[in-house]
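Chain and residue survey
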Amino acid sequence: MDIPYTVEERPDTGLFNAKLGVWLFLASEVMLFGGLFSAYIFLRYGAPVGAFHEWGQELNIPLATLNTLILISSSVTMVMSWASLKLNDFKKYKLYMGLTLLCALGFLIIKYIEYTAKFDHHIYPSTNTFYAIYFTLTGLHGLHIIGGMIVLFYFWIPGSKMWDSKPEQFTNRIEIAGLYWHFVDLVWIFLFPVLYLL
Amino acid sequence: MDSHNHHEEPFYRKYIWSTDHKIIGLQYGITSLIFLLIGFSLMMIMRWQLAYPESAVPLVGSIFGEDGMLLPEIYNSLGAMHGTIMIFLGIVPLAVGAFGNYIVPLQIGAPDMAFPKINAASYWCYFVGGVVMMSSFFTAEGAARSGWTSYPPLADIEVGQTMWLIGMIFLITSSLLGSINFITTIIQLRAPGLTWMRLPFFVWAQFVTSFLLVLAFPPLEAAAVLQLMDRVAGTSFFLPSGLVVSGEVLGVSGGGSPLLWQHLFWFLAHPEVYVLILPAMGIIAEVIANNTRKPLWGYNSLVFAVVFLGFMSFIVWAHHMFITGMGTAMSAFFQTTTMIISIPSIIILSAFFISLWGASIRFNTPMLFALAFLPMFGIGGLTGLPLGFAAADIYLHDTYYVIGHFHYVVAPGTIFGLFAGIYYWYPKITGRKMSELLGKLHFWPSLIFMNGVFMPMFIQGLAGVSRRLWDGGLEYAHASGVLHWNEFMSISAWLLGLAQLPFIFNIFYSLKRGEKVDKNPWGATTLEWTAPSPPLPHVNFEKIPEVHRVAYEYSVPGRKRDFTPQTEPKKG
Amino acid sequence: MSSGHSTADIQSHIKVYMTVFAALAALTIITVAASYLDLSTGEGILLALTIASVKGSLVASYFMHLISERALITWILMLTAGFFFVLMFIPMASFIDQAQVG
Ligand code: HEM
Ligand SMILES: [Cu+2]
């Protein structure tokens, strides 16, 4: 007896298990970043008026803008890789997945440049509460990127064998991985203005 | 397709890295019972210090130093770890991890959980979290000392806290993996015909509990990350500017606020108290319906009450923070929501009481525990009401009254519920009943000594004795009139410990000697009793059951038997 | 996945993805540009968060297919959103309330 609805949808919910699972996971992620955003608001209120804005001036907006664009592109390539599978085009899938990983890598490199630039200016998480929350939020977001990259890499090379044996389930998996990846992008879409622009 | 049935799995696949929800449930159960015992032992040591503050601890005193006296810092460690172990390593894993894992798939007629591998990962995260927590006792710094609530600034600067935070991050991850799994399983894997309003109440309770875990735990995870940053990266999330420690201004940037921690912590921890109680209520519902041989009274209102309770539990948290100087608007808001949330609790309790009315009750061990649960939880809940009013709470906060309040809910409440569950489902798990005689030897002393431990706490608390005092309050004049209760409570606690021996013995004894039973020894209606005892590895049922009726059709007039299983087709 | 995804469907989806991509890129530029305008703090925050919300909903609706997702998912997310706002609002509100009294 197999576990039902791993691939096909349950009629009354219209979902297969993993899709519901990943959305629940994302719901918990919303609350995780919610906790941190709430901390941000709290600390900003507690700081002297305008202090957060002023402390944030040290951040490199052009680089962060570039990073935003890169991450958005990676979201597009991600959804394209899923669409390619839907169109039965495995080669394109490989291409788009590879591009997604490349974007992710680019994002991390830029992040690394930003971090080292801060450290060179003797700016650390301990400098003030703004940088404390800045490093925590971006660091945690970076960890999410790294975690996502591991998963995507798995589906790019070793795990892609599944396409031959169970194409439908493989497509589902890419969809699920994509949901996570878009979510990470979505978090950044909020992090960027909140940390860099306000 | 499936080869599970045909070949024998190697030992490690069967018992260590198993993906069978029943094995994982047992792993959770055994581990958490051991942790409960450890947590209880810590408390028994603390009780010595409270009863006889000037004298060396017998038996184990030598661990603490040459003269065997319990140093204040060790007392603090024991206290913090007692709370942490009991809540995060004992009750939640037992109530959710063990009972949820073992029973929920069976009650909904599923072959396993929706994500068996994630299920195993959840257990092993819990295990690692537990190991990290326990090993902190053996580090140079010692275990955490800042209470299970880990309030900064103390927790930011006191030793031992880092391990606690790392352990918590593992435990939170484990709970998240588990609860996502539960929700998916309950939504997706219900057997054909098992509609929402046909679910046993236990499944509903686990369902709501899982939602609480999924949505409330992450903010604490965020808070734990922030506190970890405070400790290892020198940030000041929870440290205000100009904080003076031991006469010196702390060398940090400051600008943070301890209140932030309290908000994030209680945003989890109030829902968490419902995580502690709801599964127990679910168990009680099953046991009561079965042993009154009557349908549960007001099943629908029970379901609505438990869902409403789940919602409300997210907006009451600041009733733990009345004395933090919040303004009147906030305080009025949280007082109101706190009063509102007691309504569903009362609905549930009343429905259970009414279910007893006119029943010919079978007084077996599970039922005795279930019956005791009702008034005990009642005391716990009612003593919560004064705490929910800011005016009264300003006086009662951080006194033994609060300790009495929540222990009544959790100890003779939840833990009795869990005992009831163990006695009730043991035959399903092992194919044998537990000894009734030993069960009663366990029940009666437990009931008496539970009250012996916790009732005097109300007296001390009302007199104003603070919690978390190493000497129990010797230095305070206002405490002097009630301190003689300490000895009474401590002796009760140790006797309570003794009263658990028949239980522990019973578990092993009945494994070999218990009365052999068939599928359905209690004459119960829900699906788990249509599976073999124990249920088949990995698939549970010989055939996925089909459900035709609501969960509790007991003593329906005109039927031959006094129970009708959910699987029995309706005639015509 | 549901069987409702024919090849033509997917191809029209791809067009949508490209449009969304263009919109996201444009909004990113706009929000950066707006941050150099001489707005008051309140206005700035409002504008930036509005743009971010639009971008966020574009990603969620199209890349994550929320726009055509099953009702159950929508319900779960609405529940989450509710508690998310509680989490945003109340810690802050208690701060304000405290400031008035203290
Ligand atoms: C039925 C209505 C309930 C009400 C009105 C209520 C109210 C309260 C209040 C206001 C406090 C804070 C007291 C203070 O710190 O000054 C409190 C503490 C506590 N309650 Fe309840 N409660 C209720 C039920 C429960 C339940 C069902 C549980 C657990 C299963 C529970 C567990 C706790 C715990 C663990 C604490 C203390 C935490 C600590 O400070 O260490 N309560 N309760
Ligand atoms: Cu509470």
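Everything quoted here is computed from the prediction, not taken from an experiment.

1. Regarding the overall build of chain A
If you tally the helices and strands in chain A, you get 7 helices and 0 strands. With respect to the three principal axes, the spread of C-alpha positions in chain A is 60 × 35 × 20 Å. Expressed as a percentage of its 198 residues, the buried residues of chain A come to 63%. By sequence separation, contacts in chain A at least 24 residues apart represent 75% of the contacts at least 6 residues apart. The averaged location of the 14 negative side-chain charges in chain A is 5 Å from the averaged location of its 12 positive side-chain charges.

2. Observations regarding the overall build of chain C
Secondary structure summary: chain C contains 3 helices and 0 strands in total. In chain C, the succession of helices and strands from N to C terminus is α-α-α. Against the compact-globule benchmark of 13 Å for 102 residues, chain C has a radius of gyration of 19 Å, which places it well outside the compact range. Taken across its 102 residues, chain C has 40% of its residues classed as buried. When the accessible area of chain C is evaluated, it comes to approximately 5,400 Å², of which 71% is carbon and sulfur surface.

3. Concerning the site of ligand 1
All names here are of chain B. Taken together, 23 residues lie near ligand 1, and Val273, Asp393, His397, His405 and Arg467 sit nearest. Between ligand 1 and His405 there is a distance of 2.9 Å, counted from a nitrogen atom to a side-chain nitrogen or oxygen. Breaking the shell around ligand 1 down by element, the ones donating at least two residues are helix H8 (258-292), helix H10 (328-356), helix H11 (365-388) and helix H13 (400-430). Per element, the largest residue contribution to the shell around ligand 1 is 6 residues, and it comes from H11. Tallied by class, the residues present in the shell around ligand 1 amount to 12 nonpolar, 9 polar and 2 charged.

4. Structural notes on the domain arrangement of chain C
Under the domain assignment, chain C is made up of domain 1 (1-68) and domain 2 (70-102). Taken over C-alpha atoms, the centre of domain 1 of chain C sits 24 Å from the centre of domain 2 of chain C.

5. Comments concerning the packing of aromatic side chains
Residues and elements named next belong to chain B. Taken as a whole and judged by the stated rule, the model has 77 aromatic pairs over all chains. Note on Tyr423 and Phe503: the rings are 5.9 Å apart at their centroids and 55 degrees apart in plane angle, and the pair reads as tilted. Placement of Tyr423 in helix H13 and of Phe503 in helix H16 (residues 501-513) is noted, with a sequence separation of 80 residues between them. Of the two residues, Tyr423 and Phe503, both sit in the buried class. Residue placement shows Lys433 over the ring face of Trp522; its charged tip is 4.4 Å from the ring centre.

6. With respect to the coordination of the copper ion (ligand 2)
Looking at the metal site, the copper ion (ligand 2) is ligated by B:His270 (ND1), B:His319 (NE2) and B:His320 (NE2), spaced 1.8 to 2.1 Å from it. Going along the chain, you hit the donors of the copper ion (ligand 2) in the pattern H-x48-H-H.

7. Structural notes on the pattern of salt bridges
Applying the stated rule across the entire model yields 16 salt bridges over all chains. Notably, a salt bridge pairs C:Arg70 with A:Glu9, separated by 3.6 Å at the nearest N-O pair. Linking C:Arg70 in the loop between helix H2 (41-63) and helix H3 (71-101) with A:Glu9 in the segment before helix H1 (17-46), this pair reaches from one chain into another. Residue C:Arg70 is classed as partly exposed on the basis of its relative accessible area of 32%. Accessibility expressed as a relative area gives 24% for A:Glu9, which makes it partly exposed. Between B:Glu436 and B:Lys440 there is a salt bridge, and its shortest N-O distance comes to 3.1 Å. Of this pair, B:Glu436 and B:Lys440 are both found in helix H14 (residues 436-462), 4 residues apart, which corresponds to roughly one turn of the helix. Among the ionic contacts, a cluster of salt bridges with common partners joins A:Arg10, A:Asp12 and B:Arg190.

8. Examining the packing of helix H3 (residues 61-86) of chain A against helix H4 (residues 90-120) of chain A
Residue and element names in this part refer to chain A. Packing of H3 against H4 leaves a shortest axis separation of 8 Å and a crossing angle of 160 degrees. The pairing of H3 with H4 is recorded here as roughly antiparallel in orientation. Between H3 and H4 lies a crossing of left-handed hand. Tallied by class, the residues present in the contact of H3 with H4 amount to 17 nonpolar, 8 polar and 3 charged.

9. Observations concerning unusual backbone geometry
Residue and element names in this part refer to chain B. For the bond from Pro152 to Pro153, the omega torsion is 0 degrees, close enough to zero to count as cis. As for its position among the elements, Pro153 is in the loop between helix H4 (116-135) and helix H5 (154-157). With omega at -10 degrees, the peptide bond leading from Ser533 into Pro534 counts as cis. Of note in this structure, Ser150 is not a glycine but carries a positive phi near 50 degrees. Phi is positive for Ser555, close to 45 degrees, though the residue is something other than glycine. Summarising the element assignment, Ser555 is placed in the segment after H16.

10. Regarding the interface of chain A and chain C
With 51 residues of chain A at the contact, the number on the chain C side is 47 residues. Applying the counting rule to chain A against chain C returns 2 salt bridges. Sorting the residues of the side of chain A that touches chain C by element identifies H1, H3 and helix H7 (167-197) of chain A as the ones contributing at least two each. Considering each element in turn, the side of chain A that touches chain C owes the most residues, 17 residues, to H1(A). For the side of chain A that touches chain C, the class distribution of residues is 32 nonpolar, 12 polar and 7 charged.

11. What to know about helix H7 (residues 201-232) of chain B
Residues and elements named next belong to chain B. Between its first and last C-alpha atoms H7 spans 45 Å; for 32 residues at 1.5 Å apiece the expected length is 46 Å, and the two agree. The sharpest bend along H7 reaches about 30 degrees and sits at Phe217, with the proline Pro218 one to four residues further on. By the criterion of burial, H7 is predominantly enclosed, with 30 of the 32 residues buried. Directly after H7, the chain includes Gly234, whose backbone phi takes a positive value near 70 degrees.

12. So, the nonpolar core
Looking at soluble globular proteins, one finds that nonpolar side chains tend to be buried together. In terms of nonpolar packing, the biggest core is built from 291 residues, with B:Phe201, B:Leu278 and B:Phe352 touching the most fellow members. Looking at which element gives the most residues to this core, the answer is H8(B), with 22 residues. The residues that make up this core include at least three from each of domain 1 (1-68) and domain 2 (70-102) of chain C.

13. Focus: the confidence of the model for chain C
For chain C, the mean per-residue pLDDT works out to 87, and 90% of the residues sit at or above 70. Confidence metrics for the complex model read pTM 0.95 and ipTM 0.96.

14. What to know about the interface of chain B and chain A
At the junction of the two partners, chain B supplies 46 residues and chain A supplies 34 residues. Together chain B and chain A conceal approximately 3,100 Å² of surface at their shared face, both sides included; 74% is due to carbon and sulfur atoms. Taken together, chain B and chain A are joined by 5 residue pairs in polar contact (both at pLDDT 80 or more). Within the residue set of the side of chain B that touches chain A, elements represented by two or more residues are helix H6 (161-188), H7 and H8 of chain B. Across the side of chain B that touches chain A, the residue classes tally to 29 nonpolar, 12 polar and 5 charged.

15. So, helix H2 (residues 21-51) of chain B
Given 3.6 residues to a turn, an α-helix orients residues that are three or four positions apart in the same direction. For H2(B), which comprises 31 residues, the first-to-last C-alpha distance of 44 Å matches the rise-based estimate of 45 Å (1.5 Å per residue) to within 8%. The opening residue of H2(B) is B:Asp20, an N-cap whose side-chain oxygen sits 2.9 Å from the backbone nitrogen of B:Lys22.

16. Notes on the environment of B:Gly404
All names here are of chain B. Here Gly404 lies in helix H13. For Gly404, a relative accessible area of 0% corresponds to the buried category. Along the primary structure Gly404 and Phe389 are separated by 15 residues, whereas in three dimensions their C-alpha atoms are 17 Å apart. In this structure Gly404 touches Phe454, Met457 and Phe458, once residues within four positions along its chain are discounted.

17. Considering a nonpolar patch on the surface
A cluster of nonpolar residues, B:Leu37, B:Ile491, B:Leu495, B:Leu498, B:Leu501, B:Ile504, B:Phe508 and B:Leu511, forms a patch on the protein surface that exposes about 710 Å² of accessible area. For the nonpolar patch, the secondary-structure elements that each account for two or more residues are helix H15 (485-499) and H16 of chain B.

18. A short note on the side chain of A:Arg44
Tracing the chain through its elements places A:Arg44 in helix H1. It is A:Glu54 that comes nearest to the buried, bridge-free A:Arg44 among opposite-charge side chains, at 11 Å. Residues contacting A:Arg44, with those up to four places away along its chain left out, are A:Phe52, A:Leu198, C:Thr41 and C:Ile45.

Reading the values: the criteria
- Residues numbered from 1 in each chain as written.
- Chains lettered and ligands numbered in written order.
- Predicted model: local features only at pLDDT ≥ 70, side-chain atom pairs only at ≥ 80, totals over all residues.
- Heavy atoms only, no water.
- Helix = DSSP H or I, 4+ residues; strand = E, 2+ residues; numbered from the N terminus.
- Buried < 20%, exposed > 50% of the residue type's maximum accessible area, 1.4 Å probe, protein only.
- Contact = heavy atoms within 4.5 Å.
- Lys, Arg positive; Asp, Glu negative; His and termini not counted.
- Charge placed at Lys NZ, Arg CZ, Asp CG, Glu CD.
- Rg over C-alpha atoms; globule rule 2.2 N^0.38 Å.
- Areas by Shrake-Rupley, 256 points an atom, 1.4 Å probe, with all protein chains shown as cover.
- Near = heavy atom within 4 Å.
- Polar contact = N/O pair within 3.5 Å; in protein donor to acceptor, adjacent residues only side chain to side chain.
- Nonpolar A, V, L, I, M, F, W, Y, C, P; charged D, E, K, R; others polar.
- Domains from an automatic or database assignment.
- Phe/Tyr/Trp six-rings, centres within 6.5 Å; stacked < 30°, edge-to-face > 60°.
- Lys NZ or Arg CZ within 6 Å of the ring centre and 35° of its normal.
- Donors = N, O, S within 2.8 Å, 3.2 Å for Na, K, Ca; no water.
- Salt bridge = Lys/Arg side-chain N within 4 Å of Asp/Glu carboxyl O.
- Axes fitted to C-alpha atoms, helices over the stretch in contact; angles between N-to-C directions.
- Parallel < 35°, antiparallel > 145°, perpendicular 65-115°, else oblique.
- Left-handed = near helix turned anticlockwise from the far one by under 90°.
- Expected span 1.5 Å × (residues − 1).
- Bend = angle between axes of the 7 residues up to and from the residue.
- Core = buried A, V, L, I, M, F, W, Y, C linked by side-chain atoms within 4.5 Å.
- pLDDT = per-residue confidence, 0-100.
- Buried area = accessible area lost by both parts, 1.4 Å probe.
- Patch = residues over 30% accessible without salt bridge, like charges linked within 9 Å, V, L, I, M, F, W, Y side chains within 5 Å.

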